[in-house]
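Residues per chain, in single letters:
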Amino acid sequence: MSTAVYKNLIGGQWVTARSGKTFLNLNPARYEDTVGEFPTSNAEDVADAVAAAKAAYATWRLTPAPKRAEILYRTGEILTQRKEQYARDMTREMGKVLSETRGDVQEAIDTAYYMAGEGRRLFGQTTPSELPNKFAMSVRMPVGVCGMIAPWNFPMAIPSWKLFPALVCGNTCLIKPAEDTPLSTYNLVQTLMDAGLPPGVVNIVAGFGPEAGAPIVTHPDVRAISFTGSSEVGRIVGQAAAANFKPCSLEMGGKNAMIVMEDANLDLALDGAVWGAFGTTGQRCTATSRIILHKKIAAEFTERLVARARALRVGDGLDEQFEMGPQINQQQIDTSTHYVEIATREGARLLCGGERLIEGAHAKGTFFAPTVFSGVTPSMRIAQEEVFGPVVSLIECGSLEEAIGQANGIQYGLSTALYSRDVNRAFAAIRDLEAGITYINAPTIGAEVHLPFGGVKQTGNGHREGGTGAIDFYSSWKSVYVDYSDKLQRAQID
Ligand code: UN1
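Throughout what follows, the structure given in this document is the object of discussion. Note that the coordinates shown come from a computational prediction; the quantities given were computed from them, not determined experimentally.

## Considerations on the overall build of the chain
Per the secondary structure count, the chain includes 14 helices and 23 strands. Against the 2.2 N^0.38 benchmark of 23 Å for 494 residues, the chain shows a C-alpha radius of gyration of 24 Å, consistent with a compact globule. Over its C-alpha atoms, taken along the principal directions, the chain stretches across nearly 80 × 65 × 40 Å. Of all 494 residues assigned to the chain, the portion counted as buried reaches 57%. Partitioning the intrachain contacts of the chain with sequence separation of at least 6 by distance along the chain shows that 75% fall at a separation of at least 24. Just so you have it, the chain exposes about 20,000 Å², and 53% of that area is on carbon and sulfur atoms. Looking at the chain, you have 46 positive and 53 negative side-chain charges, and the mean spots of the two groups are 4 Å apart.

## A look at the side chain of E465
Topologically, E465 is positioned in the loop between β22 (456–457) and α14 (467–473). By relative accessible area, which is 3% here, E465 ends up buried. Within the structure, the side chain of E465 is placed 3.0 Å from the side chain of K162, a separation counted as a polar contact. Only 3.5 Å separates the side chain of E465 from the side chain of T228, close enough to count as a polar contact. Excluding residues within four positions of it along the chain, E465 makes contact with W161, K162, S226, T228, E251, L451, P452, F453 and A470.

## Structural notes on a nonpolar patch on the surface
There is a patch of nonpolar side chains on the surface, built from F135, V482 and Y484 and spanning about 300 Å² of accessible area. For F135, the location among the structural elements is in strand β6 (residues 134–142).

## Notes on the environment of I342
Structurally, I342 is set in helix α10 (residues 330–346). A relative accessible area of 3% places I342 in the buried class. Along the backbone, I342 and M380 are 38 residues apart, and their C-alpha atoms lie at a distance of 9.0 Å.

## Quick notes on the pairing of strand β10 (residues 222–228)
Most of β10 sits inside the fold, with 6 of its 7 residues counted as buried. Summarising the sheet, strand β7 (residues 145–149) and β10 pair through 5 bridges and their orientation is parallel. Bridge pairing in β10 links M148 to S226. Taken together, the 4 bridges between β10 and strand β11 (residues 248–251) define a ladder with parallel strand orientation. Residue pairing for β11: S226 is matched across the bridge by S249. For the handedness criterion, the β-α-β arrangement of β10, helix α7 (residues 231–243) and β11 is classed as right-handed.

Analysis parameters
- Residues numbered from 1 in each chain as written.
- Predicted model: local features only at pLDDT ≥ 70, side-chain atom pairs only at ≥ 80, totals over all residues.
- Heavy atoms only, no water.
- Helix = DSSP H or I, 4+ residues; strand = E, 2+ residues; numbered from the N terminus.
- Rg over C-alpha atoms; globule rule 2.2 N^0.38 Å.
- Buried < 20%, exposed > 50% of the residue type's maximum accessible area, 1.4 Å probe, protein only.
- Contact = heavy atoms within 4.5 Å.
- Areas by Shrake-Rupley, 256 points an atom, 1.4 Å probe, with all protein chains shown as cover.
- Lys, Arg positive; Asp, Glu negative; His and termini not counted.
- Charge placed at Lys NZ, Arg CZ, Asp CG, Glu CD.
- Polar contact = N/O pair within 3.5 Å; in protein donor to acceptor, adjacent residues only side chain to side chain.
- Patch = residues over 30% accessible without salt bridge, like charges linked within 9 Å, V, L, I, M, F, W, Y side chains within 5 Å.
- Salt bridge = Lys/Arg side-chain N within 4 Å of Asp/Glu carboxyl O.
- Pairing = 2+ DSSP bridges.
- Right-handed = clockwise from strand over helix to strand, strands pointing away.

Without other data, these values stay purely geometric and don't point to any function.
Written out as structure tokens, the structure reads:
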């Protein structure tokens, strides 16, 4: 089968990268399967895309928001029809199992409908003026050309979180998909175009961070930046954006803790732990990577979790008998392997997994065994640093207060979970856990699109995706005063 060739999308035209260079998108479950060939873009391609987005902005910003929203609504309708095909494409390029990639496409559909509804809201405020015969209100204005840099773990959902609110607010966009999973962004943007999005309103430049991402951040005509990825890269993006005073939304790492108290429904907590730790092969920024167990239930929970982890069927996500797919690439395998070594050296006990799977069909891809460490203490690196793989650390606690202290004792603050049947404990945890998201009796993954998504500390820089947080980021306030007194009125003076 010949390899499908994809180009950049600039001003509604499919064009090769100016350098003529390309890269291959490989299936992480089977290297020999090439998903497609994509352009390796650089600053010149970015400049072309920005110019196209700037030209399109002149008319898109004047298109009434309810009309912009209708395109998003149609996008949701078409995505629903194409859900199965797009889920298959996504599993092929990203690896996670089909039930999860269907969920990823569904998340884009949910975002489309939610943001379509925003087209008839985009509420501002009216408020009394302090002066007579004067009217005061605030309205949301678009920001301009928005640059987006997307991660590989939610290849359609996260681009939709960025593009759809930006579009409904009247912005035009250029997006750089992750180099490991560009096809899903193409599928998303193709759907937008099929739904009637005018040329140039969304542009795609594929490629790598240093050559294609960096010029997006520094281009003077890009007025806002949205980045999802590691805290390490986010720091570079944030600093570059700050140098030009650009609004910049950073959504970065996590080291998410699930606390299981002695009064929890243990069956439920186990289901949550398996899903939170090993869903998406642990490659979610919301993944459950620490489980803080009350010492009274720690032994039983540990034994049962290890049995469940060992029993997980790991394989090609396109085959529905499997429950966990591969890691995205060799680099992520190396990171997981490295952290297994670190944890073992630190004195944590490896209870299962801990290595790459290389027998039989596993040899063809980048598979890593579900891994559980016990005897982890809160200061160990395995309890502090993000692995982004199927590796979970078990920590013991003697009380809720101690557990909350352990949960908070990290540099990140994305997601947290408490399993307990005590409502008082639940509300104390909601109040005291330092995180952007807290679940009660549910794992740390599974955010819904109409609530704010993001975190505190080194997880983010104060912005939120999803919900009205996204609308806040992609619009800027204009305060409007209309004086109908026919005379000069001086605020604060008359
Ligand atoms: C991510 O982990 O990068 O809440 C995004 C969740 C998903 C989104 C995760 N809806 O787990």
